[in-house]
Amino acid sequence: MNDVQDNKSPGDLGSLGRSLPGQVVLVLQGGGALGSYQAGVYQALHEAGIEPDWIIGTSIGAINASLIAGNTPQNRLSRLKQFWKRMEQNPIWSFRDVFPGFNEKLSYWSTVTNGIPGFFRPNPLAHAGNDYPLGADRAGYYSTEPLEQTLRELVDFDLVNRCAPRLTVGAAHVRTSQMRYFDSRDCELGVKHVMASGALPPAFPAIRIDGELYWDGGILSNTPTEAVFDDNPRKDSLIFAVQPTCRASARGGAQ
């Protein structure tokens, strides 16, 4: 196995692409806004002529992974950009020059109260009290039905299930507290599998697949590289994993 850091320039990646030691595996972790950086990492690989043979994702990483696997190489970047464009928050008024930091607070509270079009919207019934029979499928502060529609528009699941590239998404099985990897090599994947991987409680409700409930895979494994090492048969792999780093400050402190 080979683990390559994501700080290489496009030129370095192009040189690497001419002498790849094995299958190319792109591992995309959870982390909300980190997903926008993952789109940039894929863009660098794409521009260097490197396309993944296998994409493994959890949470927001599973969504990005489906956007890549569910589109042809020439359309993948545009689909990623379409998705992240829909996630943007653009306040009507800007107070950046008058009140530094206020725009960010305004965006935060707008998301909390209104959700994000194309991803999630508030679920008023979540505040109806203990006596309201909400049900496990709707037990979240928000509904992710908008995400389902977005994924159906931007992801071709027939293409996903051709397994070129292979797609694996991780989700937490609620009943057993065990990680479950849904793999296009072994089963047919659909929009519910991707949504399950990003169903982070208590904000989002669990997703039911074959009668069982699943939550966000990041609860159990946020960077699911173990799927590569546990694969059978195991292959030589060049793994690209996006890892957030914290640089040391001028005082010498690192977190």
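Look up: the structure comes first, before these words.
### A closer look at helix α2 (residues 34-47)
Structurally, the α-helix is built with 3.6 residues per turn, so residues lying three or four positions apart point the same way. Between its first and last C-alpha, α2 extends 20 Å over 14 residues, near the 20 Å set by a 1.5 Å rise per residue. Among all positions in α2, only Leu34, Gly35, Gln38, Ala39, Val41, Tyr42, Ala44 and Leu45 are buried. After α2 finishes, the residue glycine 49 shows a positive phi value of roughly 80 degrees.

### Thoughts on the pattern of salt bridges
According to the stated counting rule, one finds 12 salt bridges in the structure shown. In this structure, lysine 85 engages glutamate 88 in a salt bridge whose closest nitrogen and oxygen atoms are separated by 3.3 Å. When its relative accessible area of 55% is taken as the criterion, lysine 85 is described as exposed. By relative accessible area, glutamate 88 is classed as partly exposed at 36%. Residue aspartate 231 is joined to arginine 166 by a salt bridge in which the shortest nitrogen-to-oxygen separation is 3.0 Å. Residue aspartate 231 is located in the loop between α9 (226-229) and β10 (237-241), and its partner arginine 166 is located in strand β6 (residues 166-173); the two are separated by 65 residues in the primary sequence.

### Comments concerning the pairing of strand β2 (residues 23-28)
Across the 6 residues that make up β2, a large majority, 6, are buried. Bridge count for β2 against β10 is 5 bridges, and the pairing is parallel. Directly across from valine 25, in β10, lies its bridge partner isoleucine 239. Across 4 bridges, the pairing between β2 and strand β3 (residues 54-58) is parallel. Within β3, the residue paired with leucine 26 across the bridge is isoleucine 55. In terms of handedness, the path from β2 via α2 over to β3 forms a crossover that is right-handed.

Thresholds, definitions, all that
- Residues numbered from 1 in each chain as written.
- Predicted model: local features only at pLDDT ≥ 70, side-chain atom pairs only at ≥ 80, totals over all residues.
- Heavy atoms only, no water.
- Helix = DSSP H or I, 4+ residues; strand = E, 2+ residues; numbered from the N terminus.
- Expected span 1.5 Å × (residues − 1).
- Buried < 20%, exposed > 50% of the residue type's maximum accessible area, 1.4 Å probe, protein only.
- Salt bridge = Lys/Arg side-chain N within 4 Å of Asp/Glu carboxyl O.
- Pairing = 2+ DSSP bridges.
- Right-handed = clockwise from strand over helix to strand, strands pointing away.

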